[in-house]
Amino acid sequence: MAEIVTIRGDLELLARTEHLFSSVREEFICAARDLSTWSRPGARHAARDRLGSGGTQQIRKLYSPAVLADERSREHMSELVAGGARVRIAATALPHETIIIDRRFAILAGLNAPEGREYTMTTAFGLVGGIYALFEAAWETATDLTAFLHGDQPQLDAESRTVLRALGSGATDETAARELGMSLRTYRRRVAELLNALGADSRFQAGMRAGELGLNG
């Protein structure tokens with residue numbers, strides 16, 4: 001493979017990297033915002049199966065807090081740990097998904113597009129080393145999954161999340177209350193409760209705090 005190759009779409013990526021996922025020997029690293037790295041159904045499972053057959057010595061996965069926004073994702077994270085992977089939650093959102101194999105091969109995911117997501121694959125020694133160093137810096141400041149789940153992350157019920165989204169929309173209290181089917185007094189009470197749960201002094205601060213914790217989804 002050339003030192004730097006650009007391809008488009010999950011299916012082409014899987015076809016071009018089949019031998020790489022199944023030949024990992026020392027370490028497989030993945031940094032991602034959430035579990036939607038692979039947009040096509042089944043692609044993530046195919047990559048996982050190929051990786052699982054390769055006898056990998058160490059698997060490390062780093063995710064944004066958004067990955068814990070729903071129960072299904074939290075269960076998947078726990079399954080990863082039970083399977084021997086080391087999982088940490090980053091302090092802030094991760095902008096792009098990255099995969100590093102044995103410190104010799106890296107895949108960088110671009111933005112989603114109608115014709116398919118663009119991926120850049122590289123074996124360039126200096127570039128892979130730089131990407132690995134950036135991952136290590138993020139890994140060192142991240143929190144172990146178990147510690148994160150047992151920390152003071154607020155648990156918001158469905159109605160609280162609905163109020164949170166209303167706050168983020170910029171709608172007036174009157175409009176938000178009407179759209180949510182609440183009285184204005186009830187809506188403002190729920191907003192006050194939400195600020196308290198997030199440890200925020202203002203609505204703006206609440207939005208920032210929710211974003212840090214991946215609770216905006």
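Our subject is the structure listed above.
Residues numbered from 1 in each chain as written. Predicted model: local features only at pLDDT ≥ 70, side-chain atom pairs only at ≥ 80, totals over all residues. Heavy atoms only, no water.

Novice: For this particular structure, what's the right way to read the pairing of strand S3 (residues 58-63)?
Specialist: One face of the sheet, then the other: side chains in a regular strand alternate in exactly this way. Here strand S2 (residues 27-32) runs beside S3; their pairing, made up of 6 bridges, is parallel. Each residue of the ladder has a partner; that of phenylalanine 28, found in S3, is isoleucine 59. Two strands pair when backbone bridges link them, and S3 and strand S4 (residues 86-89) are joined in this way by 4 bridges, in the parallel orientation. Bridge pairing links arginine 60 to arginine 86 in S4. Running through helix H3 (residues 71-82), the crossover from S3 to the neighbouring parallel element S4 is right-handed. (Pairing = 2+ DSSP bridges. Helix = DSSP H or I, 4+ residues; strand = E, 2+ residues; numbered from the N terminus. Right-handed = clockwise from strand over helix to strand, strands pointing away.)

Novice: What is the right way to look at the nonpolar core in this model?
Specialist: One broad trend across soluble globular proteins is that nonpolar side chains are buried collectively. With 27 residues, the main nonpolar core has Tyr63, Met77 and Ile107 as its most contacted residues. Other than its neighbours up to four places away in sequence, isoleucine 107 contacts Leu13, Thr17, Phe21, Glu97, Thr98, Ile99, Tyr119, Thr120 and Met121. Formed by 14 residues, the second largest nonpolar core is a distinct cluster that contains Ala166, Ala177, Leu198 and Ala206. (Core = buried A, V, L, I, M, F, W, Y, C linked by side-chain atoms within 4.5 Å. Buried < 20%, exposed > 50% of the residue type's maximum accessible area, 1.4 Å probe, protein only. Contact = heavy atoms within 4.5 Å.)

Novice: So what exactly am I meant to see when it comes to the pattern of salt bridges here?
Specialist: Close approach of charged atoms lets side chains of opposite charge pair. Enumeration according to the criterion identifies 12 salt bridges in this entry. Of the charged contacts in the structure, one is a salt bridge between glutamate 97 and arginine 117, with a shortest N-O distance of 3.2 Å. Taken together, the residues span a long stretch of sequence, with glutamate 97 in the loop between S4 and strand S5 (98-101) and arginine 117 in the loop between strand S6 (105-109) and strand S7 (118-122) at a distance of 20 residues. The two residues glutamate 97 and arginine 117 agree in class, both being buried. Measuring nitrogen to oxygen at the nearest pair gives 3.0 Å for the salt bridge that ties glutamate 193 to arginine 189. (Salt bridge = Lys/Arg side-chain N within 4 Å of Asp/Glu carboxyl O.)

Novice: Help me understand the packing of helix H7 (residues 173-180) against helix H8 (residues 184-198) in this model?
Specialist: Geometrically, a packed helix pair is captured by the angle between its two axes and the distance between the axes. Packing of H7 against H8 leaves a shortest axis separation of 9 Å and a crossing angle of 100 degrees. Between H7 and H8, the interaxial angle falls into the category roughly perpendicular. Of H8, the residues touching H7 (which contributes Asp173, Glu174, Ala176, Ala177 and Leu180) are Leu184, Tyr187 and Arg188. Looking at the contact of H7 with H8 residue by residue, the class counts come to 5 nonpolar, no polar and 3 charged. (Axes fitted to C-alpha atoms, helices over the stretch in contact; angles between N-to-C directions. Parallel < 35°, antiparallel > 145°, perpendicular 65-115°, else oblique. Nonpolar A, V, L, I, M, F, W, Y, C, P; charged D, E, K, R; others polar.)

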